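Read off the chains here:
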Amino acid sequence: MFGQTPAQRLARRYRREGDAYLVEVRLRELRALFNSFDPAPFLDKDLDDEAEQYIVGAVEEFPLGTPLKLVFHVPATTLHDPGAALLADSIRGYFDYRAAHAGRRLELLLRQGRLSLLIGIGFLFACLGARSVAAGTLTGTLRDILAEGLLISGWVAMWRPLQIYLYDWWPLVRRRRVLRKIRDLPVQLRVTGQPPDR
């Protein structure tokens, strides 16, 4: 493991066809891929949580520009399932929904960041103003403690907006990109044991 390049590690874990790596999922039946509690029609069903985590986790291992293909291995009897013909559209619809949801979460986070920034700046200026008043009216240790406490409190109020704008937004952007990539992946349904495409 040590001394291997990321490409070598991926090549050990994922098969390749042509220039695309395969994200492969083996199923006993097609409906195992979907949440059994979801009463929606096939095209609108949610994926099973474990299936989604596996697919997203596998795609996250690769750089975003790496060509991938999503391949579902199923028994031959599953090909007669009416949902088999709709699988690719169902996967695309689900990950399109998840990408849009990630986009909404990002928008809400940035809106929260703007509001937090306005509140933080207002509080910081209020603390700096109170600090100036305390410095001009009080003396000794009480003045020093109050002045430092107000300064620290003002900057602590800026912690959340800075956290949002420096750290919290980019994982959501990355997740949305990964979900969009999965949405756009070629999807194939193969009979278990079927030889790969050449």
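An account of the accompanying structure is given in this report. (Residues numbered from 1 in each chain as written. Predicted model: local features only at pLDDT ≥ 70, side-chain atom pairs only at ≥ 80, totals over all residues. Heavy atoms only, no water.)

## Side note on the overall build of the protein chain
And then number 1: Summing up its helical and strand segments, the protein chain has 5 helices and 4 strands in all.
And then number 2: The secondary structure elements of the protein chain, listed N-terminal to C-terminal, are α-β-β-α-β-α-α-α-β.
And then number 3: Relative to the 2.2 N^0.38 estimate, which gives 16 Å for 198 residues, the radius of gyration of the protein chain is 26 Å and therefore markedly larger than a compact globule would have.
And then number 4: Once the C-alpha set of the protein chain is aligned to its principal axes, its extents read approximately 85 × 50 × 20 Å.
And then number 5: Here the protein chain holds 198 residues, and the buried ones make up 34% of them.
And then number 6: Put simply, 77% of the contacts in the protein chain that link residues at least 6 apart link residues at least 24 apart.
And then number 7: Treating the 28 positive side-chain charges of the protein chain as one cloud and the 22 negative ones as another, the clouds have centres 5 Å apart. (Helix = DSSP H or I, 4+ residues; strand = E, 2+ residues; numbered from the N terminus. Rg over C-alpha atoms; globule rule 2.2 N^0.38 Å. Buried < 20%, exposed > 50% of the residue type's maximum accessible area, 1.4 Å probe, protein only. Contact = heavy atoms within 4.5 Å. Lys, Arg positive; Asp, Glu negative; His and termini not counted. Charge placed at Lys NZ, Arg CZ, Asp CG, Glu CD.)

## Description of the pairing of strand β2 (residues 20-26)
And then number 1: Most of β2 sits inside the fold, with 6 of its 7 residues counted as buried.
And then number 2: Looking at chain direction, strand β1 (residues 16-17) and β2 are connected through 2 bridges and run antiparallel. When the sheet's bridge partners are listed, Glu17 is paired in β2 with Ala20.
And then number 3: Linking β1 to β2, which pair antiparallel, is a turn of 2 residues; within it Gly18 sits at a positive phi near 60°. (Pairing = 2+ DSSP bridges.)

## What about the sheet that holds strand β3 (residues 68-74)?
And then number 1: Here 4 strands make up an open sheet; going across it, the order is β1-β2-β3-β4 and the pairing mixed. What marks the edges here is a single partner per strand, and that holds for β1 and β4 (187-191).
And then number 2: The pairing of β2 with β3 spans 6 bridges and is classified as parallel. The residue of β3 that forms the bridge with Val23 is Leu70.

## Considerations on the packing of helix α2 (residues 49-60) against helix α3 (residues 87-137)
And then number 1: Two elements in contact, α2 and α3, have axes whose closest approach is 13 Å; the angle formed by their N-to-C orientations is 75°. Classed by the angle they form, the pair α2 and α3 counts as roughly perpendicular. On the side of α2, the interface is formed by Glu52, Ile55 and Val56, while α3 contributes Tyr94, Phe95 and Arg98.
And then number 2: Along the lines of polarity and charge, the residues of the contact of α2 with α3 split into 4 nonpolar, no polar and 2 charged. (Axes fitted to C-alpha atoms, helices over the stretch in contact; angles between N-to-C directions. Parallel < 35°, antiparallel > 145°, perpendicular 65-115°, else oblique. Nonpolar A, V, L, I, M, F, W, Y, C, P; charged D, E, K, R; others polar.)

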